[in-house]
Amino acid sequence: MSAYLFAHFTNDGKEDKEHIWFSVSRDGLHFSDLGGEESFISSNVGTTGIRDPFVVYDEKKKKYFMIGTDLCTTKGSNWYNFSHKGSRSLLVWESEDLVSWTKERLVEVGIEGAGCVWAPEAVFCKEENKWFVFFASNVREKGHFKHKQRIYGTFTEDFVTFTPTFKYIDAKTDIIDTNIVWDNGWYYRFSKDETHKKIIAERCRRLIPDGENQYEKIESKLLAGFFGLEGPEAYYLEDIKKWCLIADQYHTGKGYIPFLCDDLSTGDFYLPDDGSYDMGKRKKRHGGVIKITDEEYERLVKAFEQM
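## Looking at the environment of Lys254
Along the chain, Lys254 turns up in the loop between strand S17 (242–248) and strand S18 (256–261). Since its relative accessible area comes to 60%, Lys254 is described here as exposed. Expressed as a C-alpha distance, the spacing of Lys254 and Lys283, which sit 29 residues apart in the sequence, is 8.0 Å.

Pasting the structure below:
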């Protein structure tokens, strides 16, 4: 039987809840929130806020790494300052069992002049045999009058040392919140078009495009017609052999909603029937979903029962 972990943050606009929270699921569609009112992990460095946590498992090191945005929006200021004068660092944690995590550390990856480093995620690059870490940064390039949100990237083998950051996605519109998965010889990218407030889908044979391999857009009628989504996260549902793409309905404040698809290449997503999914009681904000083992599922549930 499959099991999934959803690491996320929450924020109700009234209390400081920009920390990390965990939820688990047996099928990827019905989530149970772990813990009570207290968050699982908080930050004491940088801005002391955590948004957009994302977990990956390193097979070689037999270790989990979690990264997140160094941003706190509950201590004054405004979104202009957050995006134009924010932290250029991401937060990093390590764990061998998903229960005990190292103390958070800050790693500066934003280029000079970047106004933020938002929603960092990672995917293993088969071509480079390294982790590719990518994130959104608001940058005004030389010769331009305005800042623009683009996706930047860097490689790492240990989440301690990173290669020089480079521009990864520079679209006609502002782009944030990118998620990348690999399936059947293709890298699939899901991003938020920050200008039009919709999720766009693309694919390419190579993670880093080259002359012969460029990302091609995947047409999706459902995604194209769904306004006000962000934080897309794709993962495979082993039990029913379908892909699930969840996204946060931030515009209406309704939380995450799942979209299902038999084959990512078709872009043919559909909404599951009402009552066939449950994202949990806690209103989840941008996070990441990762498949875990039955043993890890039981360990997490037991650990939180004893907290």
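Having seen the structure, we can now continue with the description.
## Some remarks on helix H3 (residues 294–305)
Between the first and last C-alpha of H3 there are 17 Å, a value that for twelve residues agrees with the 16 Å anticipated at 1.5 Å per step. Of the positions making up H3, those classed as buried are Glu296, Tyr297, Leu300, Val301, Ala303 and Phe304. Looking straight down H3, one finds that the buried residues subtend no more than 165 degrees of arc, so they occupy a single side. Facing away from the buried surface of H3 by more than 90 degrees, the exposed residues are Glu295, Lys302 and Glu305. Elements in contact with the buried residues of H3: strand S1 (3–9), strand S2 (21–25), strand S5 (63–70) and strand S19 (285–292).

## Here's the deal with the side chain of Thr173
Relative to the elements of secondary structure, Thr173 occurs in the loop between strand S11 (166–169) and strand S12 (175–183). Relative accessible area serves as the criterion here: at 17%, Thr173 is assigned to the buried category. Engagement of the side chain of Thr173 in a polar contact is seen with the side chain of Asp193, the distance being 3.3 Å. Excluding residues within four positions of it along the chain, Thr173 makes contact with Lys148, Gln149, Asp193, Thr195 and His196.

## Section: the sheet that holds strand S7 (residues 105–108)
Taken in spatial order, the four strands make up an open sheet running S4-S5-S6-S7, and their pairing is antiparallel. What marks the edges here is a single partner per strand, and that holds for strand S4 (50–58) and S7. The mean angle between the axes of side-by-side strands here comes to 30 degrees, regardless of whether they run parallel or antiparallel. Direction of pairing for S5 relative to strand S6 (residues 89–95): antiparallel, over a ladder of six bridges. Along S6, the bridge assignment pairs Ile67 with Val92.

The rules we used
- Residues numbered from 1 in each chain as written.
- Predicted model: local features only at pLDDT ≥ 70, side-chain atom pairs only at ≥ 80, totals over all residues.
- Heavy atoms only, no water.
- Helix = DSSP H or I, 4+ residues; strand = E, 2+ residues; numbered from the N terminus.
- Buried < 20%, exposed > 50% of the residue type's maximum accessible area, 1.4 Å probe, protein only.
- Expected span 1.5 Å × (residues − 1).
- Arc of directions from axis to C-beta.
- Contact = heavy atoms within 4.5 Å.
- Polar contact = N/O pair within 3.5 Å; in protein donor to acceptor, adjacent residues only side chain to side chain.
- Pairing = 2+ DSSP bridges.
- Axes fitted to C-alpha atoms, helices over the stretch in contact; angles between N-to-C directions.

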